Amino acid sequence: MNRMHINQLRIAYAEEGQGQPVILVHGSWDTHAAWDLMTPELARKLRVIRYDRRGHGESECPPGQGSYSEDVDDLCQLIEAMHSDTAVHLIGHSYGATIALLAAGQCPERVGSVLVHEPPVFGLLKQDPEAKALLPVIQQHMDQAIALLESGRHEEGARYFAEHIGFGPGFWEDVLTAEMRASFVAHASTWLDQARDPTRLDIVPEMFTRLQVPVCLSTGTQGLPWYPPTMAHLSQLIPDARLVTIPGAGHAPHLTHPEQWVRLSLSFICT
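Everything numeric in this text was worked out from a predicted model, so none of it was measured.

Chemist: What is the right way to read the pattern of salt bridges from this model?
Modeler: Two side chains bearing opposite charge may form a pair once their charged atoms approach each other closely. Applying the stated rule across the entire model yields 14 salt bridges. For Arg 196, the salt bridge goes to Glu 150, with nearest N and O atoms at 2.8 Å. In this pair, Arg 196 sits in the loop between helix H8 (188–195) and helix H9 (206–209) while Glu 150 sits in helix H4 (residues 135–150), placing the two residues 46 residues apart along the sequence. Residue Glu 150 is classed as partly exposed on the basis of its relative accessible area, which comes to 48%. The salt bridge involving Glu 156 is made with Arg 153; its shortest N-O contact spans 3.0 Å. Overlapping salt bridges, with partners in common, bring together Glu 16, Asp 36 and Arg 50 in one network.

Chemist: Looking at this structure, how should I read the environment of Met 231?
Modeler: Along the chain, Met 231 turns up in helix H10 (residues 227–237). Linking Met 231 and Ile 79, residues 152 residues apart in sequence, is a C-alpha distance of 26 Å. Those residues in contact with Met 231 that sit more than four places away from it in its chain are Glu 118, Pro 119, Leu 217, Ser 218, Thr 219 and Leu 243.

Chemist: Looking at this structure, how should I read the packing of helix H2 (residues 68–81) against helix H3 (residues 95–106)?
Modeler: Helices that pack against each other are described as a pair by the angle of their axes relative to one another and the distance between those axes. Contact geometry of H2 with H3 gives a least axis separation of 9 Å together with a crossing angle of 65°. The way H2 lies across H3 gives a crossing that is right-handed. Packed against H2, whose contacting residues are Tyr 68, Asp 71, Val 72, Asp 73, Leu 75 and Cys 76, the element H3 presents Tyr 95, Ile 99, Ala 100, Leu 102, Ala 103 and Gln 106 at the interface.

Chemist: What am I meant to see in the sheet that holds strand E5 (residues 88–93) here?
Modeler: The strands that make up a sheet are held in pairs by hydrogen bonds between backbone atoms, and each pair lies either parallel or antiparallel. Spatially, 8 strands are ordered E1-E2-E4-E3-E5-E6-E7-E8 in an open sheet, and the strand pairing comes out mixed. Single-partner strands in this sheet number two, and they are strand E1 (2–6) and strand E8 (242–246). Taken over all neighbouring pairs, the strand axes of this sheet differ in orientation by 25° on average, direction set aside. Sheet analysis places E1 next to strand E2 (residues 9–16), joined by 5 bridges and oriented antiparallel. Considered in E2, the bridge of Asn 2 is made with Tyr 13. The strands that H3 touches are strand E3 (20–25), E5, strand E6 (111–117) and strand E7 (215–220); relative to E6, the one it contacts most, it runs at about 155°.

Analysis parameters
- Residues numbered from 1 in each chain as written.
- Predicted model: local features only at pLDDT ≥ 70, side-chain atom pairs only at ≥ 80, totals over all residues.
- Heavy atoms only, no water.
- Salt bridge = Lys/Arg side-chain N within 4 Å of Asp/Glu carboxyl O.
- Helix = DSSP H or I, 4+ residues; strand = E, 2+ residues; numbered from the N terminus.
- Buried < 20%, exposed > 50% of the residue type's maximum accessible area, 1.4 Å probe, protein only.
- Contact = heavy atoms within 4.5 Å.
- Axes fitted to C-alpha atoms, helices over the stretch in contact; angles between N-to-C directions.
- Left-handed = near helix turned anticlockwise from the far one by under 90°.
- Pairing = 2+ DSSP bridges.

Listed below in structure tokens is the structure:
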């Protein structure tokens, strides 16, 4: 892993391949290693940059309460640091997908396109008369995960999040390797800081209606019930957004359907 200073923090990153630059933005509980199954194929045609978001993997974790805007600014500064003659493409998963979309709004002149899978912007469901009934269910599960983590039961809390909020029943044992489960547990405190971020409520629909770059949204057919309505609403907010469904996938296509997501990525970026 290489290192660079961004916002007075050491941020770890890796770079492979040549061609149009693309930055991969991982989700919560994770590191740049989330993209291991996709990177080799992407790097055949693209210059692939993977990094550990602040507080994850080998990147530094600052003291005090963090905010989503710090992650967004980190990404914009990373884009600038790539010194690319062409605009940089972004691929993001889950919370990293939210960061990628918001970065495209903050530094649009440096972003060529954004491809994201299921950003958890569940607050958008408030606008949906039917789907908003899911919000108290999500909050109940969030409260339980937070309570487990605050009591020091990090593995139990990480597993609860994975199976009840993020991915679905069986994901912990059936999809995650032992190394991936260890990563979840290791990043429990970082996720807890993210969950406590009071500014996350500042992410409002208007942030997405102002996006001026090409956006492709992907979703799966096997995920938890709050993702499809969130993605449908988001696709209506973002001008000219393309919404693609990956059959059989859930919230982690980079782990369960990497070939399909690579094909989607290359077809979107390289056309």
